[in-house]
Amino acid sequence: LFVSYFNYLGSFTTELLLVGEAIILPPTGLTATTTENEVTLNWLPPGFNPDALTFTNGEPLFVIGTSGPGKYEFAHRFTSSDLMPYSGKLLEQVSFYVYSVNSDFEVKIYIDEFAETPLITMPVNGLTSDSWNTFALPEPLSLDQLEYLWIGYQIEVVDLEFIATVDGGPGITGSGDLVKIGETPWTTLSEFQLPYNWCIKGILNDSQVVGFWPNE
């Protein structure tokens, strides 16, 4: 670090040696396939969970209140680049953390770019407050041919409620912090100066089928 300063004697630059330590996370989910003459290694980037699709950074930390009665959707949005490390995986369950269960809940899955038409709308009940709640999809969804994938849930409330939880951030804008209020377009938590991600996860398993649901 070079520090420049001046006083009545003139201008000076002092050099300070900085020493630090860092923990570098290793890749995860290392697998290998072999042929007669080659070994192909595949792995997930550092910090990725081979069994979960999420932008959530750690455990729930805050709860976000609704602004009044109506419908609210919360989602994570994945592009083909985000899904690439999960080739051969199936989305089997959706999990989300809620602080309160004073609402009607629906799991929502979209595979179009702007989440205009849901692939899955699945009402769910029996949720537990202040806890992760996990629900199986009607059928596993292959990730291999998807350009986009939105994973989320919808609530419908009759009053001000504190239900949807977020992590401690930083928010991954346009990926982990998408929200839709009523019939308004999708927006992000960052638009409200909230630098967090929704606590949502897609639970994965290895592909054991050929083809692509639902267009098989």
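To be clear, the structure that these remarks concern was listed above.
Residues numbered from 1 in each chain as written. Predicted model: local features only at pLDDT ≥ 70, side-chain atom pairs only at ≥ 80, totals over all residues. Heavy atoms only, no water.

Draft legend 1. Spatial organisation of the side chain of Lys89. Looking at where Lys89 falls in the secondary structure, it is placed in strand S8 (residues 89–98). Look at Lys89 and you get buried, because its relative accessible area is 13%. One polar contact links Lys89 to Asp206, side chain to side chain, over a distance of 2.8 Å. (Helix = DSSP H or I, 4+ residues; strand = E, 2+ residues; numbered from the N terminus. Buried < 20%, exposed > 50% of the residue type's maximum accessible area, 1.4 Å probe, protein only. Polar contact = N/O pair within 3.5 Å; in protein donor to acceptor, adjacent residues only side chain to side chain.)

Draft legend 2. Quick peek at a nonpolar patch on the surface. Together, Leu1, Val3, Tyr5, Tyr8, Leu9, Phe12, Leu16 and Leu18 make up a nonpolar patch on the protein surface, roughly 880 Å² of accessible area in all. With respect to the helices and strands, the residue Leu16 is situated in the loop between strand S2 (10–15) and strand S3 (28–34). (Patch = residues over 30% accessible without salt bridge, like charges linked within 9 Å, V, L, I, M, F, W, Y side chains within 5 Å. Areas by Shrake-Rupley, 256 points an atom, 1.4 Å probe, with all protein chains shown as cover. Salt bridge = Lys/Arg side-chain N within 4 Å of Asp/Glu carboxyl O.)

Draft legend 3. Here's a closer look at the pattern of salt bridges. Taken as a whole and judged by the stated rule, the model has two salt bridges. Between Glu73 and Lys108 there is a salt bridge, with the nearest N and O atoms lying 3.4 Å from each other. Linking Glu73 in strand S7 (residues 70–79) with Lys108 in strand S9 (residues 104–110), this pair joins segments that are 35 residues apart in sequence. Each of the two residues, Glu73 as well as Lys108, counts as buried. Here Lys89 makes a salt bridge to Asp206, at a shortest N to O gap of 2.8 Å. Highlighted residues: Lys89 in strand S8 and Asp206 in strand S16 (residues 200–206), separated in sequence by 117 residues.

Draft legend 4. Seen up close, the sheet that holds strand S14 (residues 178–181). Pairing within the open sheet is antiparallel, and its six strands lie in the order S10-S9-S12-S7-S14-S15. Each edge of the open sheet carries a strand with a single partner, namely strand S10 (120–124) and strand S15 (187–188). Bridging between S7 and S14 involves four bridges; their strand directions are antiparallel. If you follow Tyr72 over to S14, its bridge partner there is Ile181. (Pairing = 2+ DSSP bridges.)

Everything listed here is a matter of geometry and, on its own, says nothing about what the molecule does.
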